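# Residue-level structure breakdown
This is what each chain is made of:
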Amino acid sequence: MNKWENHQLLGENRLPPHAYFFAYADAESARTFERERSRRFLSLSGTWRFAYFDHPLQVPEQFYSEYMAGWGPIDVPGMWQMQGHGQLQYTDDGMPFPVDPPYVPSSNPTGAYQCRWKLGPEWRGERVILRFDGVETYFEIYVNGSYAGMSKGSRLAAEFDITALLVDGENLLSVRVLQWADSSYLEDQDMWWTAGIFRDVYLVGKGAIHLQDVCVQTRFDDAWRDARLSCAVAVSAAAGWRIEWALYDGARELQRGGGREPAWEAAVPQPRQWNAEDPYLYRLEISLYDDAGTLLEVVPLRVGFREVSVRNGLMYVNGRYLKLHGVNRHDNDQLRGRAVTMARAEQDIELMKQHNINSVRTAHYPNDPRFYELCDQYGLFVMAETDVETHGFVNIGNLSQITDDPAWEAAFVDRIERHVHAQKNHPSIIMWSLGNESGYGCNIRAMAARCREIDPTRLIHYEEDRDAEVCDVVSTMYSRVQMMNAFGEYPMDKPRILCEYAHAMGNGPGGLSEYQAVLDRHPHLQGHYVWEWCDHAILQPEVPGRPFYAFGGDYGDYPNSGNFCCDGLIYPDQRPGPGLREYKQVIAPVKVRAVDAAAGVLEVENRYWFSSLDGIFLLVQVKAEGELLRQERLPLPPLPPGQRQEFRIPAPPAGHARCYLDVRVMREQATAFSAAQHEIAVYQFALPGPAAAPAPASARLAPPVLSEQRLEYRVEGIGFHLVFCKLTGKLKEWEAGGMALLARAPQLNFYKPCIDNHKQENEALWLPQHLDIMQEHLRGMEVRRSAEAVEVIVDCQVAPPILGYGMRCRYHYRVDGAGRVQLALSGKPYGGMRDMIPKIGLSLGLRQELDQVEYFGRGPGENYPDSKACNTIDRYRCKAADMFEHYPRPQDNGNRMDVAWARLQRPDGKGLRIDAPQGMHFSVWPYSAGQIAATRHDNALREEGYWTVNLDHKMSGLGSNSWGSEVLDSYRVYLEEFSYRLDLSPLDGEGRA
């Protein structure tokens, strides 16, 4: 049997797992925590020799003992598919080969890696440990032609003692990596199938006597005031050594001790407690001496005083109740795949902190060990998930096939054992997760038992342990708002979280505010993690123009899951998307409410769990129609967590129309993750204004002239004309001030380019009902003259072919002597269509030179009925092209709600103003709806030569139903009777209508 198909064989010559730490020659270097400065460290990462083969046996025999100088270069860390070798494939839940465990394809993609190095004289007498922080999937190592060992478990570290195989001078390391192994059945996560040495490789030197393992734990007394620090070490020798240890608070020594015992405890009075809001760390230095008193090594550890507990069915950290506002994070880089740099990982953490996120789930495998160190330092509560997912078995009808098979127990337990040992000293980790979407059975129970045996101080999570038989936390995925409310009203005796919800695919997610309202309402609901953090699409840098992000199917891969990997809150290049900005506002830890906005009475609530509001201030602005009337800065007192307090500000000035009170919550000082004056949240409250005054009487103008030709009506006046087609009823031409305005006739629409989150509705409802190909047919056209205007009334039918439903609609144009057009739109449904539809609205095309946009409405970013919390009503200006949100897969985007008026104009001020007395949804695209709907990749969109301007009456919400929740009933639009009005006014060179 092949080693890579023997699921009982997990590794050969692999050293036992232990905590991740490094030993230094002295305390000064230890305090840097830089592993490169540890007493013996040599990085082997860099450029290696490489060759790719379709079959393991194609690797030549000389590879194991001879340097293959003629082979090409490859970067380590790296995935070989990202460097031009082998085949990329993306599936969500399917194995890309026949499901027949433990067997995998005989033609197994294989990478042969080589590197050479020399060791200096300081390494003589050392035990030399070769460490791999991550290799996908199965690998064997050979040192100077001798077999040194093998390992499985792609996202788990593997160490080998290669001391006996080394030679003086140059040494050769050969590594054979196979893409498929029996372990692949345990690693079917929702991500690209790739392979290679994708994390760092390095050598660590250890003396004859050295620390093999360290375990640090902290506990508090019943008052959560004083703590006990316990530490246990494993030393490579049974005798001949002693330990000295010291605990430091910065440069100040707090405690010191020592002896020959491998375990000790220390009482620490009133330590500053570690939490995600105040990630305060102490330093423990453990110095190892021999019997002669010679310092052998110093091991530094960051210590956070933190304890997790469950009482009365609720979770506490350091005795304080909390909720986890989190995200699921895959390792991903748009050019490197899972071979992420630590700079990118650190930027991820900074972005999370900037957007009020306090927790991260390492979905669905252990991260680079340095990631947890960053979480310790920046402050994130971590659900540390191990490398287990057997999701592919769902396709053969038995998700638990190997999970409930005792023959696979060792493979399952090995993964949690290695993971917990490696990361057990991190205060940021409050919960171990046994894996993801692997069914349930005896092997999950065995994992939980082993996890608790190694570390009884943290909680255990596993979503498919639905009854929490072995877990400390009850967990579900994508439970709807109504179900979460029921869970909250009828709680179990353990805390509950949503380990995945609000699928952030494409334009979305929507409905976060409604979820949050339920989560806030029920104490038993203690956490939620958006799926997911980052789009996994892969940048194709050789494609010119806008970025081309490839997803499933773009590499000829089949089967594939298409763009299902584009489901993150940030884009592949780490730019925050609209969904992340919305999430930031929804989970904001400082809430501001208006008790009486007109009187200047506000209520502030501290929704932090551990911190006061010291150092936070409110920037209060009063604006009328976007004009700043007054601004003041209100420092907040140190309001404790969970407390509310009313504040009074001077009453806002009265008597202004469209007047709003904007309140921005700001942090005064810079932090490790944000600059000074960082905005935490924004709130807006409408202020009462005067009753709408009648429009001022304008000078009486002669009505426009109406002329009729065989196929058209022409309406013209001083400096303008409009042409209506008798065949279609369409306004086909409009010129004003010597400039053509119209590029495409106004058209009522009930459909829009499908967003990813509406895919299920689109395929089950809208496409079968032919909503996407509704046709407009003229049913009547009437032209009226009056003393002031010309009216053109067009009755039409908008309906799909084949079926018997539709809308009977009316366009009612009123053109006055100044060339202004009042357009009243209305419709009545007929037939039996009762399903939700995307929208009710109007689109038209405006000339491309009108490239400046100004509007008064909700912004500055896109917003929708169920995703608008982070956007405020104000006056905004931008380039028309900047109104478009470029998702990797084109779809409806860029909507602005609550728009009272908008302008599109040239730089000289000429253009068109649109007023919406009832308010409108407003968006501007450089492409037609048809092109957006038909295009697979954003970079393939081609400007149409005009602006598609959408002036919509009603818009359905986003939901997250690509894999999540449908649009809530209150945000759905139906084919129902409607009427709304738009006032269209040409602008002169001064920007006046």
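Structural notes, computed from the coordinates.

Thresholds applied
Residues numbered from 1 in each chain as written. Predicted model: local features only at pLDDT ≥ 70, side-chain atom pairs only at ≥ 80, totals over all residues. Heavy atoms only, no water. Helix = DSSP H or I, 4+ residues; strand = E, 2+ residues; numbered from the N terminus. Rg over C-alpha atoms; globule rule 2.2 N^0.38 Å. Contact = heavy atoms within 4.5 Å. Areas by Shrake-Rupley, 256 points an atom, 1.4 Å probe, with all protein chains shown as cover. Lys, Arg positive; Asp, Glu negative; His and termini not counted. Charge placed at Lys NZ, Arg CZ, Asp CG, Glu CD. Salt bridge = Lys/Arg side-chain N within 4 Å of Asp/Glu carboxyl O. Pairing = 2+ DSSP bridges. 1 Å grid on protein atoms, 1.4 Å probe; cavity = no way out; pocket = protein on both sides within 12 Å on 5 of 7 lines; lining within 4 Å. Points joined across faces, edges and corners; volume = space filled by probe spheres on them. Nonpolar A, V, L, I, M, F, W, Y, C, P; charged D, E, K, R; others polar. Axes fitted to C-alpha atoms, helices over the stretch in contact; angles between N-to-C directions. Core = buried A, V, L, I, M, F, W, Y, C linked by side-chain atoms within 4.5 Å. Buried < 20%, exposed > 50% of the residue type's maximum accessible area, 1.4 Å probe, protein only. Phe/Tyr/Trp six-rings, centres within 6.5 Å; stacked < 30°, edge-to-face > 60°. Lys NZ or Arg CZ within 6 Å of the ring centre and 35° of its normal. Parallel < 35°, antiparallel > 145°, perpendicular 65-115°, else oblique. Left-handed = near helix turned anticlockwise from the far one by under 90°. Polar contact = N/O pair within 3.5 Å; in protein donor to acceptor, adjacent residues only side chain to side chain.

## Examining the overall build of the chain
Summing up its helical and strand segments, the chain has 10 helices and 61 strands in all. Relative to the 2.2 N^0.38 estimate, which gives 30 Å for 993 residues, the radius of gyration of the chain is 33 Å and therefore close to what a compact globule would have. Sequence-distant contacts, at least 24 apart, represent 72% of the contacts inside the chain between residues at least 6 apart. Put simply, the chain shows about 36300 Å² of open surface, and 48% of that area lies on carbon and sulfur atoms. The averaged location of the 131 negative side-chain charges in the chain is 5 Å from the averaged location of its 103 positive side-chain charges.

## Quick look at the pattern of salt bridges
The final tally for this structure, using the stated rule, is 79 salt bridges. The partner of Arg-445 in a salt bridge is Glu-469, and the shortest N-O contact between them spans 3.7 Å. Taken as a pair, Arg-445 in helix H5 (residues 442–454) and Glu-469 in the loop between strand E30 (459–461) and strand E31 (474–477) lie far apart in primary sequence, 24 residues in all. Within this structure, Arg-35, Glu-36, Arg-131, Asp-133, Glu-159, Asp-200, Asp-368 and Arg-370 form a network of salt bridges that share partners.

## Looking at unusual backbone geometry
The peptide bond linking Ala-363 to His-364 adopts the cis configuration, its omega dihedral lying at -10 degrees. Mapping His-364 onto the fold places it in the loop between strand E27 (359–361) and helix H3 (369–378). With an omega dihedral of 10 degrees, the bond running from Gly-859 to Pro-860 counts as a cis peptide bond. Along the chain, Pro-860 falls in the loop between strand E55 (852–859) and strand E56 (872–879). Although it is not a glycine, His-770 adopts a positive phi angle of roughly 55 degrees. Looking at the secondary structure, you find His-770 in the loop between helix H9 (759–766) and strand E49 (775–785).

## Here we look at the sheet that holds strand E24 (residues 314–317)
Here we have 3 strands laid out as an open sheet, ordered E23-E24-E25, and antiparallel in their pairing. Taken across any chain shown, the strands that pair with only one partner, and hence form the sheet edges, are strand E23 (308–311) and strand E25 (320–321). In this structure, E24 lies alongside E25, joined through 2 bridges in antiparallel fashion. For Tyr-316, the partnering residue across the bridge sits in E25 and is Tyr-321.

## Topic: the layout of surface pockets
Size it by volume and the second largest pocket reaches roughly 650 Å³. The wall of the second largest pocket is formed by 32 residues, among which Ala-276, Glu-277, Lys-353, Tyr-608 and Arg-667 lie closest to the centre. Within the residue set of the lining of the second largest pocket, elements represented by two or more residues are H3, helix H7 (512–521) and strand E42 (678–687). When its residues are assigned to classes, the lining of the second largest pocket shows 14 nonpolar, 10 polar and 8 charged.

## What about the sheet that holds strand E36 (residues 590–596)?
Strands sit in the order E36-E37-E40 across an open sheet of 3 strands; the sheet is antiparallel. At either margin of the open sheet sits one strand with a lone partner, and together these are E36 and strand E40 (644–648). Adjacent strand axes in the sheet meet at a mean angle of 25 degrees when their direction is disregarded. Two elements, strand E37 (residues 601–606) and E40, share 5 bridges in a ladder whose sense is antiparallel. In the strand pairing of E40, Val-601 is matched with Arg-648.

## Quick notes on the nonpolar core
Among the nonpolar cores identified, the biggest contains 74 residues, and Val-327, Leu-434, Trp-533 and Tyr-583 are the most heavily contacted of them. The element contributing the most residues to this core is H5, with 6 residues. Not counting residues up to four positions away in its chain, the partners in contact with Val-327 are Met-352, Ile-357, Ser-359, Val-360, Arg-361, Tyr-529, Val-530, Trp-533, Leu-569 and Tyr-583. In terms of nonpolar packing, the next biggest core, distinct from the first, is built from 67 residues, Leu-706, Ile-837, Leu-912 and Phe-922 among them.

## Considering the environment of Gly-719
Structurally, Gly-719 can be placed in the loop between strand E44 (712–717) and strand E45 (720–725). The partly exposed category is assigned to Gly-719, whose relative accessible area is 48%. As a C-alpha pair, Gly-719 and Val-76 span 643 residues in sequence and 69 Å in three-dimensional space. Once residues lying within four places of it in the same chain are set aside, the contact partners of Gly-719 are Glu-735, Ala-736, Gly-737 and Gly-738.

## Thoughts on the packing of aromatic side chains
Two descriptors summarise a pair of aromatic rings, namely the distance from one centre to the other and the angle between the planes of the rings. Within the structure shown, the criterion is met by 43 aromatic pairs. Centroid distance Phe-978 to Tyr-980: 6.4 Å. Interplanar angle 45 degrees. Geometry classified as tilted. Judged on exposure class, the residue Phe-978 and its partner Tyr-980 are both buried. In this structure an aromatic cluster arises from ring pairing among Phe-53, Phe-63, Tyr-64, Trp-71, Tyr-142 and Tyr-147. Seen from the ring of Phe-33, Arg-302 lies directly overhead, with NZ or CZ sitting 3.9 Å from the centre. Positioned over the ring face of Phe-487 is Arg-496, at 3.7 Å from the centre of the ring.

## Section: the packing of H7 against helix H8 (residues 578–586)
Packed helices, taken two at a time, are described by the angle their axes make and the gap between the axes. Direction vectors running N to C along H7 and H8 enclose 30 degrees, while the axes themselves pass 10 Å from each other. Judged by the inter-axis angle, H7 sits roughly parallel to H8. Remark: the crossing between H7 and H8 carries right-handed chirality. Here Leu-512, Ser-513 and Gln-516 of H7 lie close against H8, whose contacting residues are Gly-579, Glu-582, Tyr-583 and Val-586. A per-class count over the contact of H7 with H8 returns 3 nonpolar, 3 polar and 1 charged.

## Details of empty space enclosed by the protein
Summed over the entire model, instances satisfying the criterion amount to 8 cavities of 30 Å³ or more. Space inside the largest cavity adds up to approximately 220 Å³. Contributing to the lining of the largest cavity are 20 residues, with Arg-131, Leu-156, Ala-157, Arg-418 and Ala-422 lying nearest its centre. Within the residue set of the lining of the largest cavity, elements represented by two or more residues are strand E11 (158–161) and helix H4 (409–423). It is H4 that contributes the most residues to the lining of the largest cavity, 4 residues altogether. Taken together, the residues that form the lining of the largest cavity break down as 9 nonpolar, 4 polar and 7 charged. Estimated volume of the second largest cavity: approximately 180 Å³.

## Focus: the side chain of Gln-574
Counting through the fold element by element, Gln-574 comes out in the loop between strand E35 (549–550) and H8. A polar side-chain atom of Gln-574 sits 3.2 Å from the main-chain carbonyl oxygen of Arg-344. Gln-574 has contacts with Arg-344, Gln-347, Asp-348 and Leu-351, leaving out every residue within four places of it along the chain.

## Some words on the pairing of strand E38 (residues 616–624)
In terms of burial, E38 is a largely internal element, 9 of the 9 residues being buried. Residue alternation in E38 divides its side chains into two sets, Ile-616, Leu-618, Val-620, Val-622 and Ala-624 and Phe-617, Leu-619, Gln-621 and Lys-623, and both sets are buried. Summarising the sheet, E38 and strand E41 (residues 659–667) pair through 9 bridges and their orientation is antiparallel. Residue pairing in the sheet places Gln-621 in a bridge with Asp-662 of E41. With 8 bridges joining them, E38 and strand E39 (residues 627–635) adopt antiparallel strand pairing. Its bridge partner being in E39, Gln-621 is matched across the sheet by Gln-631. The antiparallel hairpin formed by E38 and E39 contains 2 residues in its connecting segment, where Glu-625 sits at a positive phi of about 50 degrees.

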